[in-house]
Amino acid sequence: MVGKSKSPEFNFEDGMAYFDAVKVALQDTEPEKYQEFVRIFIDYTANRFGFETLSASLQELLRDHANLCHGSNVLLPFRLQTAIPPEASAEFHINKVVGRSVPPAVAVPTMDDATSYLNAVKEAFHDEPAKYMEITKLLTDLKARRINAASVIARMEELLKDHLNLLLGFCVFLSPTRRFITKLKARFLGDGSQVVDSVLQILRMHSEGNKSKDEASQEVRALIQGHEDLLMELSEIFSDP
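Residues numbered from 1 in each chain as written. Predicted model: local features only at pLDDT ≥ 70, side-chain atom pairs only at ≥ 80, totals over all residues. Heavy atoms only, no water.

Brief notes about the overall build of the protein
Phase 1: Looking only at helices and strands, the protein has 13 helices and zero strands in total.
Phase 2: In sequence order, the protein lays out its α and β elements as α-α-α-α-α-α-α-α-α-α-α-α-α. (Helix = DSSP H or I, 4+ residues; strand = E, 2+ residues; numbered from the N terminus.)

Structure follows, in structure tokens:
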């Protein structure tokens, strides 16, 4: 996870866990620093700079958070990774990076966030203008309520399946439940699809009143044990009255 020694290219599972760790560590206590972290990564995904600038920017921004500095290794090629002191290696597991077990409140995305995200999408699909136009149309139709959220999310998941960084960014604009489900689908691809099906069935039964909150929470937790970031997302869903 965050303390792994090699990350030759971006790994969605580790990257998502790292983003959640940064959110937990900074969003409540240093919101401006957290927003700067988001902006740095959006600029990177939009190809405005490369790994070297990403590494330098993160090291400068997170210099007072040694665990998060080392955790950024999951985003970088091996040649740019920082060394983790041997005596502290166990400290940088994702559970330690997070630092607490309860999830933070999720900030409401701003118009600047939406604009930055669309700019990143435009950059990523600069050689596929038809896909970019489809994405913008989907979001416009959703805002105008010409299409339901479930249809938009399903199509966005398909369009962004080869751009997992953008899919992760898209999750910021979703409700807690839809964000959890989208991340769950991205995590359990292929052979893990039965986990997704089981979780969706449990959540559906809960929404229909056929399972209590505690029962549904316990059953889903059993299915996603070992995925701390998803467990935090789940806690956010079931923490609502």
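Looking at unusual backbone geometry
Phase 1: Even without being glycine, Arg145 reaches a positive phi, approximately 60°.
Phase 2: For Arg145, the position within the fold is in the loop between helix 7 (129–143) and helix 8 (149–159).

A look at the nonpolar core
Phase 1: By size, the foremost hydrophobic cluster in this structure holds 34 residues, and its most contacted members are Phe180, Leu184, Val220 and Ile224.
Phase 2: Counting only elements with at least two residues in this core, the list comes to helix 1 (12–26), helix 2 (31–45), helix 3 (51–61), helix 4 (66–71), helix 10 (176–187), helix 11 (193–207), helix 12 (213–223) and helix 13 (228–239).
Phase 3: Residue-level mapping places this core at the junction of two domains, with at least three residues from each of domain 1 (10–73) and domain 3 (174–236).
Phase 4: Residues within four places of Ile224 in sequence aside, it is in contact with Phe180, Leu184, Phe188, Leu230, Leu231 and Leu234.
Phase 5: Residues Tyr132, Ile135, Leu160 and Ala186 belong to the second largest nonpolar core, which totals 19 residues. (Core = buried A, V, L, I, M, F, W, Y, C linked by side-chain atoms within 4.5 Å. Buried < 20%, exposed > 50% of the residue type's maximum accessible area, 1.4 Å probe, protein only. Domains from an automatic or database assignment. Contact = heavy atoms within 4.5 Å.)

Examining the side chain of Arg179
Phase 1: Mapped onto the fold, Arg179 is located in helix 10.
Phase 2: Residue class for Arg179 comes out buried when judged on its relative accessible area of 4%.
Phase 3: At a separation of 3.3 Å, a polar atom in the side chain of Arg179 contacts the side chain of Glu233. (Polar contact = N/O pair within 3.5 Å; in protein donor to acceptor, adjacent residues only side chain to side chain.)

Remarks on helix 11
Phase 1: Between its terminal C-alpha atoms helix 11 stretches 21 Å, which fits the 21 Å expected from 15 residues at 1.5 Å a residue.
Phase 2: For helix 11, the complete set of buried residues consists of Val195, Val196, Val199, Ile202 and Leu203. The arc that holds every buried residue of helix 11, seen down its axis, measures 130°, which confines them to one face.
Phase 3: Its buried side turned inward, helix 11 meets helix 10, helix 12 and helix 13. (Expected span 1.5 Å × (residues − 1). Arc of directions from axis to C-beta.)

Quick word on the confidence of the model for the protein
Phase 1: Per-residue confidence for the protein gives a mean pLDDT of 76, with 76% of residues at or over 70.
Phase 2: This model gives residues 1–10 a pLDDT under 50, and the stretch forms 36 contacts once residues within four places in sequence are excluded. (pLDDT = per-residue confidence, 0-100.)

With respect to the pattern of salt bridges
Phase 1: Overall, the coordinates contain 13 salt bridges when judged by the stated rule.
Phase 2: With its nearest N and O atoms 3.3 Å apart, the salt bridge here joins Glu128 to Lys131.
Phase 3: The exposure class of Lys131 is partly exposed, given its relative accessible area of 32%.
Phase 4: Among the ionic pairs, Glu134 bridges to Arg155, the shortest N-O distance being 2.6 Å. (Salt bridge = Lys/Arg side-chain N within 4 Å of Asp/Glu carboxyl O.)

What to know about the packing of helix 10 against helix 11
When two helices pack together, their arrangement is given by the angle between the helix axes and the distance between those axes.
Phase 1: Relative to each other, helix 10 and helix 11 sit at 160°, their axes nearing to 10 Å. As the angle between them shows, helix 10 and helix 11 are arranged roughly antiparallel. Along this stretch, helix 10 crosses helix 11, giving a crossing that reads as right-handed. Along its contact with helix 10, which presents Phe180, Ile181, Leu184 and Lys185, the element helix 11 presents Val196, Val199, Leu200 and Leu203.
Phase 2: Residues of the contact of helix 10 with helix 11, tallied by class, amount to seven nonpolar, no polar and one charged. (Axes fitted to C-alpha atoms, helices over the stretch in contact; angles between N-to-C directions. Parallel < 35°, antiparallel > 145°, perpendicular 65-115°, else oblique. Left-handed = near helix turned anticlockwise from the far one by under 90°. Nonpolar A, V, L, I, M, F, W, Y, C, P; charged D, E, K, R; others polar.)

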